[in-house]
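What the coordinates show
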Amino acid sequence: MLRSVDRLCRQVIGPLQDRCGPHARVLTAEVHGDEVRGLAFCPGKVLRYVLEAENRRLKTTALLRLARNSRQPAA
């Protein structure tokens with residue numbers, strides 16, 4: 001079943017912002033059967049997400065996470 005990308009993004013953004021905060025953004029959204037899958041950006045990390053249509057359950061996995069600089073400058 002075809003859906004507009006804007007509608008898919010609106011479906012995902014609510015649960016995504018509940019989990020990751022108000023600055024979370026959807027980068028991609030694709031329909032795979034009863035699931036919506038894609039990539040999202042949260043400050044400091046890029047996530048892969050899967051939103052199940054039946055129970056609106058969101059699963060996320062961090063693909064890229066920015067690390068803080070732990071090196072000390074040379075004296």
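Residues numbered from 1 in each chain as written. Predicted model: local features only at pLDDT ≥ 70, side-chain atom pairs only at ≥ 80, totals over all residues. Heavy atoms only, no water.

Some remarks on the state of the cysteines
Scanning the entire structure with this criterion turns up 0 disulfides. Free of any disulfide, Cys9 has its nearest cysteine sulfur in Cys42, 14 Å distant. We note that Cys42 lacks a disulfide partner, and the nearest cysteine sulfur, in Cys20, lies 3.3 Å from it. (Disulfide = S-S within 2.5 Å.)

Comments concerning the environment of Arg10
Here Arg10 shows up in helix 1 (residues 5-20). Counting along the chain gives 16 residues from Arg10 to Val26, while the straight-line C-alpha distance between them is 9.0 Å. (Helix = DSSP H or I, 4+ residues; strand = E, 2+ residues; numbered from the N terminus.)

Details of the pattern of salt bridges
All chains considered together, the criterion is met by 2 salt bridges. Note that Arg37 is salt-bridged to Glu35, the shortest N-O span being 2.8 Å. The partner of Lys59 in a salt bridge is Glu52, with the nearest N and O atoms 3.3 Å apart. (Salt bridge = Lys/Arg side-chain N within 4 Å of Asp/Glu carboxyl O.)

Details of a nonpolar patch on the surface
Nonpolar side chains collect at one region of the surface, where Leu27, Leu39, Phe41, Leu63 and Leu64 lie side by side and expose about 450 Å² of accessible area between them. Mapped by element, the contributors of at least two residues to the nonpolar patch are strand 3 (35-42) and strand 5 (58-65). Overall, the relative accessible area of 36% leaves Phe41 in the partly exposed class. (Patch = residues over 30% accessible without salt bridge, like charges linked within 9 Å, V, L, I, M, F, W, Y side chains within 5 Å. Areas by Shrake-Rupley, 256 points an atom, 1.4 Å probe, with all protein chains shown as cover. Buried < 20%, exposed > 50% of the residue type's maximum accessible area, 1.4 Å probe, protein only.)

Scope: geometric values only; no functional claims are made or implied.
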